[in-house]
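Single-letter residue listing:
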Amino acid sequence: MQKNNAQNVTTGKPKIGGAVFRAPLGTPLPTDATTELNEKFINQGYISDDGLTNANSPESDKIKAWGGDTVHTYQTEKPDTFKFKLIEAENVEVLKTVYGDDNVTGTLDTGITVKANSKKNQYYAWVAETILNGNVIKRIVIPSAKITELEEIVYADEDALGYGVTIEAAPDEEGNTHYEYLKKGVSA
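Please read these numbers as outputs of a predicted model, since none were measured by experiment.

Definitions and cut-offs
Residues numbered from 1 in each chain as written. Predicted model: local features only at pLDDT ≥ 70, side-chain atom pairs only at ≥ 80, totals over all residues. Heavy atoms only, no water. Helix = DSSP H or I, 4+ residues; strand = E, 2+ residues; numbered from the N terminus. Buried < 20%, exposed > 50% of the residue type's maximum accessible area, 1.4 Å probe, protein only. Contact = heavy atoms within 4.5 Å. Areas by Shrake-Rupley, 256 points an atom, 1.4 Å probe, with all protein chains shown as cover. Phe/Tyr/Trp six-rings, centres within 6.5 Å; stacked < 30°, edge-to-face > 60°. Lys NZ or Arg CZ within 6 Å of the ring centre and 35° of its normal. Polar contact = N/O pair within 3.5 Å; in protein donor to acceptor, adjacent residues only side chain to side chain. Salt bridge = Lys/Arg side-chain N within 4 Å of Asp/Glu carboxyl O.

## As for the overall build of the protein
A tally of regular secondary structure across the protein gives one helix and 13 strands. Secondary structure elements of the protein occur, N-terminal to C-terminal, as β-β-β-β-β-β-β-α-β-β-β-β-β-β. Dimensions of the protein along its principal axes, counting C-alpha atoms only, are 70 × 45 × 40 Å. Expressed as a percentage of its 188 residues, the buried residues of the protein come to 33%. Sequence separation of 24 or more characterises 59% of the internal contacts of the protein that already satisfy a separation of 6 or more. With the model as given, the accessible surface of the protein reaches about 12,300 Å², and the carbon-plus-sulfur share is 48%.

## Concerning helix α1 (residues 92-99)
Within α1, burial applies to Val92, Val94, Leu95, Thr97 and Val98. A positive backbone phi angle near 105° is found at Gly100, which sits one or two residues after α1.

## A look at the packing of aromatic side chains
Under the defined criterion, the tally for this structure stands at three aromatic pairs. Pairing Tyr99 with Tyr163 gives two aromatic rings, centres 6.1 Å apart and planes at 80°, and the pair type is edge-to-face. With Tyr99 in helix α1 and Tyr163 in strand β12 (residues 163-169), this pair connects stretches of sequence that are 64 residues apart. The cationic tip of Arg22 hangs over the ring face of Tyr124; the distance from NZ or CZ to the ring centre is 4.2 Å.

## Some points on the side chain of Asp80
Positionally, Asp80 belongs in the loop between β6 (70-77) and β7 (81-86). A polar atom in the side chain of Asp80 sits 2.5 Å from the side chain of His178. Not counting residues within four places of it along the chain, the set of residues in contact with Asp80 comprises Asn54, Ala55, Asn56, Ile167, Glu168, Ala169, Thr177 and His178.

## Describing the pattern of salt bridges
Counted by the stated rule, this structure contains four salt bridges. Taking the shortest distance from any N to any O, the salt bridge between Asp101 and Arg22 comes out at 3.0 Å. In this pair, Asp101 is assigned in the loop between α1 and β8 (104-107) and Arg22 in strand β2 (residues 20-24), connecting sequence segments 79 residues apart. For Glu129, the salt bridge goes to Arg139, with nearest N and O atoms at 2.4 Å. With Glu129 in strand β10 (residues 124-132) and Arg139 in strand β11 (residues 136-150), the pair connects residues that are 10 residues apart, well separated along the chain. Of the two residues examined, Glu129 and Arg139, each falls in the buried class.

These figures capture arrangement, not role.
Now the structure itself:
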């Protein structure tokens, strides 16, 4: 029997050089914690200090018999969502992530144009990379997800301008919505 081990308790920090990446669907996905990401994965810049939140909890309903006894519980859905706030508000790639690749043109030097409209959000491949205690890297690979929520955008003196997004993962050909890979002793 394995005993409790305080060394297995950890926190997560963003990987130096980027923590959240986005790429077009069909981009080759990593299948471990350390393989170099395909060049099509675009760094999404700094994420707010709220970090990355993953909600992956099943929702269920009940069938009750006459008289009130619960006789069966069944799963109705199991959404797999990731929530984070992109705070590089002047980063063209971040704006493309939020508003759509076709809705953002230009550079800061030439001038950026952003078009907000009701075009449907597209699915992308996503990767999130975190460094755990003991120099362990944890890579989360989401084969297909799209932005399903965008928080209110706040322009205020005391807050970084940013885009709080929720992405919802769709199942891949094997029925998996995301993969997690961990490896010890990896350079941060």
